[in-house]
Amino acid sequence: MFNLAGHCALITGAGQGVGAQIARVLAEQGATVLVNDLFQERAEVVVDEIRKSGGNATSLVADITKLEVLKEQIAQVTSELGCQIDILVNNAGIPAEGIELARFVDSDPTQWSRHIELNGYGLLNATYAVLPGMIERQWGRIVTITSDGGRVGDAGVAVYGAAKAMGPGFMRSLAKEVGSVGVTCNSISLGSIAHPNYQPDAERLAKMNKLYATRRRGTPEDIAPAVLLLVSDEGSWITGQTIPVNGGYATS
Ligand SMILES: NC(=O)c1ccc[n+]([C@@H]2O[C@H](COP(=O)([O-])OP(=O)(O)OC[C@H]3O[C@@H](n4cnc5c(N)ncnc54)[C@H](O)[C@@H]3O)[C@@H](O)[C@H]2O)c1
């Protein structure tokens, strides 16, 4: 099950964190993986690691908020590799943990666009760049990583939540446009994922853990298996959905 041999997967923002783990898992299942990131050194660490484990990976250093450059770079890498992207994981985004909490009325309007650019335009650009090929070849998988900050809402992250909520809305409509030609579009909604750059103090961590039925925050390893199901042949009848993978966040 979940054999991805013969498929080529682009994972945006895969130089660390959740995206890096998704890249590792898809490569383990046989996909040729394009590790996208803004930062070459991050992407290359992940590529080296995958290659050392026997997988196929290539870095794709590109800013996904710039459509024309992204399209050119995708065309160049895929022609060098002789592959076509048939799996896209829209992962790049700003983790909520990196955001200073502020009520919307107190938020800084000059900071709004960075959320909309990356979570909004980044998502549209990457999808726009690869979808025509999926339609032509009558097979494709698109998974967008979103956040419970957008799905259920959280005080203090309203702009982030608005930007992350765009993914599920986009996936739902797109699923209806392309389902008949073998392309599925889904979102996975994450709860808080432990992140090396954002370590809450012990008191805050204990409070956060209490919000989860599992009494712990997630890890990138908790997320990648759900992505694997959605991008596999076995996941072909799941489309237009937003699947929470969140340790039971917001449940009582
Ligand atoms: N970490 C969490 O707690 C959490 C919770 C809910 C949702 N999410 C979502 O999960 C996804 C991954 O989160 P993470 O914690 O692994 O993030 P991260 O910051 O660790 O990794 C994101 C990567 O994306 C890259 N990136 C940023 N802008 C880019 C651009 N314009 N073009 C290409 N690459 C770019 C960064 O360089 C970075 O390596 C994001 O969409 C985030 O919103 C994270």
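Counting starts from 1 at the beginning of each chain's written sequence and moves along it residue by residue. Totals for whole chains, interfaces and linings use every residue, but because this is a predicted model, local features are given only for residues with pLDDT of at least 70 and side-chain atom pairs only at 80 or more, for both listing and counting. Side-chain measures were taken over the full set of non-hydrogen atoms in the model, leaving aside hydrogen atoms and water.

- The chain has a UniProt comment under Sequence similarities (unreviewed entry) that states "Belongs to the short-chain dehydrogenases/reductases (SDR) family." UniProt positions are given in the numbering used here, feature names are shortened, and annotations may be inferred rather than shown by experiment.

1. Here we look at the nonpolar core
Thought 1: Only buried Ala, Val, Leu, Ile, Met, Phe, Trp, Tyr and Cys residues count toward a nonpolar core, and they belong to the same one when joined by side-chain atoms within 4.5 Å. Under the scheme applied here, a residue whose accessible area is under 20% of the maximum for its type counts as buried, over 50% as exposed, and between as partly exposed, the area being computed with a 1.4 Å probe on protein chains only. By size, the foremost hydrophobic cluster in this structure holds 34 residues, and its most contacted members are Ile11, Ile22, Leu26, Val33, Val35 and Ile188.
Thought 2: If you list the elements that add at least two residues to this core, you get strand S1 (8-11), helix H1 (17-28), strand S2 (32-37), helix H2 (40-52), strand S4 (87-90), strand S5 (140-147), strand S6 (183-190) and helix H8 (220-231).
Thought 3: In this text, helices come from DSSP runs of H or I with a minimum length of four residues, and strands from runs of E with a minimum of two, each type numbered from the N-terminal end. At seven residues, H1 tops the list of elements feeding residues into this core.
Thought 4: Two residues form a contact once any of their heavy atoms are found within 4.5 Å. For Ile11, the contacting residues outside a window of four places in its chain are Gly19, Ile22, Ala23, Leu26, Val33, Leu34, Val35, Asn36, Val89 and Asn91.

2. Notes on the pairing of S2
Thought 1: Most of S2 is tucked away, with five of its six residues classed as buried.
Thought 2: With four bridges joining them, S1 and S2 adopt parallel strand pairing. Following the sheet pairing, Leu10 is matched in S2 by Leu34.
Thought 3: Look down the strands so they point away from you; if going from the first strand over the helix to the second traces a clockwise path, that crossover is right-handed. After leaving S1, the chain enters H1 and then returns to the sheet as S2, a path that is right-handed.
Thought 4: Any two strands between which DSSP finds at least two bridges are classified as paired. In this sheet, strand S3 (residues 56-61) lies alongside S2 in parallel orientation, the contact comprising six bridges. Paired with Val35 across the bridge in S3 is Ser59.
Thought 5: Read from S2 through H2 to S3, the crossover connection turns out right-handed.

3. Re the side chain of Arg141
Thought 1: One can find Arg141 in strand S5.
Thought 2: No salt bridge forms around the buried Arg141; measuring N to O, its nearest opposite-charge neighbour Asp233 is 4.1 Å away.
Thought 3: A polar contact is formed between the side chain of Arg141 and the backbone oxygen of Gly182, at a distance of 3.4 Å.
Thought 4: Among all residues touching Arg141, those that are not within four sequence positions of it are Asp86, Ile87, Leu88, Met134, Gly182, Thr184, Leu230, Val231, Ser232, Asp233 and Ser236. Just so you know, the count uses Lys and Arg for positive and Asp and Glu for negative, and it drops His and the chain ends. Basic side-chain nitrogens of Lys or Arg form a salt bridge, by our definition, when they fall within 4 Å of a carboxyl oxygen of Asp or Glu. Pairs of N or O atoms within 3.5 Å make up the polar contacts considered here, provided that, within protein, one atom can donate a hydrogen while the other can accept it, and that residues adjacent in sequence are counted only when both atoms are side-chain atoms.

4. What about the state of the cysteines?
Thought 1: Cysteine sulfurs are considered disulfide-paired once they come within 2.5 Å of each other. Scanning the model with the defined rule gives zero disulfides in all.
Thought 2: Cys8 takes part in no disulfide bond, and the closest cysteine sulfur, belonging to Cys83, lies 3.1 Å away.
Thought 3: Taking relative accessible area as the criterion, Cys8 reaches 2% and is therefore assigned buried.

5. So, H1
Thought 1: To estimate the expected span of a helix, count its residues, drop one, and scale the result by 1.5 Å. Under the 1.5 Å per step criterion, the end-to-end length of H1 is 17 Å for twelve residues, consistent within 8% with the ideal 16 Å.
Thought 2: Burial within H1 is extensive, with nine of its twelve residues counted as buried.
Thought 3: Burial in H1 covers these residues: Val18, Gly19, Ala20, Gln21, Ile22, Ala23, Val25, Leu26 and Ala27.
Thought 4: Trailing H1 by a residue or two, Gly30 shows a phi angle of about 105°, which is positive.

6. Describing the sheet that holds S2
Thought 1: Taken in spatial order, the seven strands make up an open sheet running S3-S2-S1-S4-S5-S6-S7, and their pairing is parallel. On the outer flanks of this sheet lie S3 and strand S7 (242-245), each paired with one strand and no other. Put simply, the sheet's adjacent strands are angled 20° from each other on average, direction ignored.
Thought 2: This element, H8, spans S4, S5, S6 and S7 of the sheet and lies at about 165° to S6. Note on method: axes are straight lines fitted to C-alpha atoms, helices fitted across the in-contact stretch only, with angles between N-to-C directions ranging 0 to 180 degrees.

7. Structural notes on the packing of H1 against H2
Thought 1: Contact geometry of H1 with H2 gives a least axis separation of 10 Å together with a crossing angle of 25°. One finds that H1 runs roughly parallel with respect to H2. Handedness of the crossing formed by H1 with H2: right-handed. Residues Ala20, Ala23, Arg24 and Ala27 of H1 form the contact with H2, whose own contacting residues are Val46, Glu49 and Ile50. The cut-offs work like this: below 35 degrees is roughly parallel, past 145 is roughly antiparallel, 65 to 115 is roughly perpendicular, and the gaps in between are oblique. Crossing chirality is assigned from the near helix's rotation relative to the far helix, an anticlockwise turn below a right angle marking it left-handed and a clockwise turn marking it right-handed.

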